[in-house]
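The chain contents come next:
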Amino acid sequence: QGRATLSVAVRPYGDGMKLVLSQDITEHERNDGMRRDFVANVSHEIRTPLTVLSGFVETMASLPLSEPERQRVLTLMRQQTDRMQTLVGDLLTLAQLEGSPRPAPDRWTALDPLLQRLEADAGSLSAGRHVIRFQVEPGFEVAGNPSELASAITNLVTNAVRYTPEGGRIDVSWRLRPDATGEVEVRDTGIGIAREHIPRLTERFYRVDGSRSRDTGGTGLGLSIVKHVVQRHGGELVVESEPGKGSCFRLLLPAPRVRRARQGAADHKS
Ligand code: ADP
């Protein structure tokens, strides 16, 4: 927290002591600047759908509309309220993750049913516009917070759907790597990401193409959520991408957080 870092460091100096503030102030200012940017971004993201909504409210109040016109306006209004709901949901998720810096609790969860659920979700999200394939090495458990892990993988799959044109391919896989690290891979044949954007992707509200993200329901917070979940599980996020060819996001879980389900049953007995 910015203000907390203002607590001064006291160092011996000649016969007395000196207060070391400079670094703390720099950090304080940096955090303060980030907070201001964040508030400005949130306000902007909320104001845009609100402006559109109030325009529609005015239209409905002042114009006599036929029933089909009324239905059309209501559909557009619903899109804007959905957008605000998603944004507030993502903001709350992010606030929760940032407010609890402790590592995610070590609860062992079977991976197969979790990924099966996500496969069904991906299918309805794509609505038949993409070829989606899940390839899962069966019988694994992971240690961590299952809903956080599910939300991280969901964000990656949602992005693959969002940034892959109709007819494209999305491959999701889980496997144990030779070094015993667990790997969730989400690969798409979508629009890809230019090299210079990759280091900034997990920043809050960072978007390569703002209008495409917004038009497809993106909040600009998804990868920031993924980053926090990965950090809390001691994992890594690896991104490879080529504009026009597609992207590959890999979520790596460290070996101590991955085990075969049968081994788990044996553990319980011993
Ligand atoms: P958003 O809600 O905008 O998708 P994210 O934080 O999930 O926000 O992603 C940040 C940005 O990274 C997106 O706006 C998009 O430009 C880019 N991006 C993320 N995933 C992909 C992908 N699979 N293919 C191409 N671009 C992507």
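Scoring rules and cut-offs
Residues numbered from 1 in each chain as written. Predicted model: local features only at pLDDT ≥ 70, side-chain atom pairs only at ≥ 80, totals over all residues. Heavy atoms only, no water. UniProt positions renumbered as here; feature names shortened; annotations may be inferred. Helix = DSSP H or I, 4+ residues; strand = E, 2+ residues; numbered from the N terminus. Buried < 20%, exposed > 50% of the residue type's maximum accessible area, 1.4 Å probe, protein only. Contact = heavy atoms within 4.5 Å. Core = buried A, V, L, I, M, F, W, Y, C linked by side-chain atoms within 4.5 Å. Expected span 1.5 Å × (residues − 1). Pairing = 2+ DSSP bridges. Axes fitted to C-alpha atoms, helices over the stretch in contact; angles between N-to-C directions. Polar contact = N/O pair within 3.5 Å; in protein donor to acceptor, adjacent residues only side chain to side chain. pLDDT = per-residue confidence, 0-100.

Going by an unreviewed UniProt entry, the protein carries the name Phosphate regulon sensor protein PhoR and comes from Aquincola tertiaricarbonis. Taken verbatim from the UniProt record of the protein, the Subcellular location (unreviewed entry) comment is "Cell membrane". Under the Function (unreviewed entry) heading, UniProt states for the protein: "Member of the two-component regulatory system PhoR/PhoB involved in the phosphate regulon genes expression. PhoR may function as a membrane-associated protein kinase that phosphorylates PhoB in response to environmental signals."

Q: Whenever I open this one, the environment of phenylalanine 140 confuses me. Can you help?
A: Checked against the element boundaries, phenylalanine 140 lands in strand β5 (residues 140-144). Taking relative accessible area as the criterion, phenylalanine 140 reaches 2% and is therefore assigned buried. For the pair phenylalanine 140 and glutamate 67, spaced 73 residues apart in the sequence, the C-alpha separation amounts to 54 Å. Other than its neighbours up to four places away in sequence, phenylalanine 140 contacts Thr109, Ala110, Leu111, Asp112, Trp174, Leu176, Val258, Arg259, Arg260 and Ala261.

Q: For this particular structure, what's the right way to read the nonpolar core?
A: General note: in soluble globular proteins, nonpolar side chains tend to be found buried as a group. Ranked by size, the top nonpolar core spans 40 residues in total, and within it Leu115, Ile153, Leu156, Trp174 and Leu251 carry the most contacts. Elements supplying a minimum of two residues to this core: α2 (67-99), α3 (111-126), β5, α4 (146-162), β6 (169-176), β7 (182-188), α6 (222-232) and β9 (246-253). Element by element, the count of residues in this core is highest for α4, at 8 residues. Residues within four places of isoleucine 153 in sequence aside, it is in contact with Leu114, Leu115, Leu118, Val184 and Leu251. Counting 5 residues, the second-largest nonpolar core is a separate cluster that includes Phe56, Val73, Met77 and Met84.

Q: When you look at α4 in this model, what are you seeing that I'm missing?
A: Think of an α-helix as 3.6 residues a turn; residues three or four steps apart then line up on the same face. A rise of 1.5 Å per residue sets the reference length of α4, with its 17 residues, at 24 Å; its end C-alpha atoms lie 24 Å apart and thus fit the reference within 8%. Within α4, 14 of the 17 residues are buried, which leaves the element mostly enclosed by the surrounding structure.

Q: Sorry, what's going on with the sheet that holds strand β10 (residues 258-260) here?
A: Within a sheet, neighbouring strands are paired by backbone hydrogen bonds and run either parallel or antiparallel to one another. Taken in spatial order, the 3 strands line up as β3-β5-β10 in an open sheet, and their pairing is antiparallel. If you trace the sheet from one side to the other, it starts and ends with β3 (107-110) and β10, each paired once. Each neighbouring strand pair of the sheet contributes to a mean axis angle of 30°, computed without reference to strand direction. When β3 meets β5, the two strands line up antiparallel, connected through 4 bridges. Residue threonine 109 lies in a different strand from β5, and its bridge partner there is valine 142. This element, α3, spans β3 and β5 of the sheet and lies at about 60° to β3.

Q: For this particular structure, what's the right way to read the environment of arginine 250?
A: Turning to its location among the elements, arginine 250 is positioned in strand β9. As a C-alpha pair, arginine 250 and glycine 222 span 28 residues in sequence and 15 Å in three-dimensional space. Aside from chain neighbours lying at most four places away, what touches arginine 250 is Glu183, Val184, Glu185, Arg187, Glu236, Leu237, Val238 and Glu240. At a separation of 2.9 Å, a polar atom in the side chain of arginine 250 contacts the side chain of glutamate 185. For arginine 250, the side chain forms a polar contact with the side chain of glutamate 240, separated by 3.1 Å.

Q: Would you explain the confidence of the model for the protein in this entry?
A: Reading predicted coordinates in detail is not appropriate for stretches of low pLDDT. Of the residues in the protein, 88% reach a pLDDT of 70 or more, and the chain-wide mean stands at 88. Note that pLDDT drops below 50 for residues 1-7; the model gives that stretch 15 contacts with residues more than four away or on any other chain. Note on residues 266-270: pLDDT under 50 across the span, and 2 contacts to partners over four residues away in sequence or across chains. For this predicted complex, the interface confidence comes out at an ipTM of 0.99, alongside a pTM of 0.85.

Q: Explanation requested: the pairing of β5 in the structure shown.
A: Every other side chain in a regular strand lies on the same face of the sheet, so the side chains alternate between the two faces. Within β5, 5 of the 5 residues are buried, leaving the element largely enclosed by the surrounding structure. Along β5, one buried face is formed by Phe140, Val142 and Gly144 and the opposite face, lined by Glu141 and Ala143, is buried too. In the sheet, β5 pairs with β10 via 3 bridges, with the strands oriented antiparallel. In the sheet register, phenylalanine 140 faces β10, and the bridge partner there is arginine 260.

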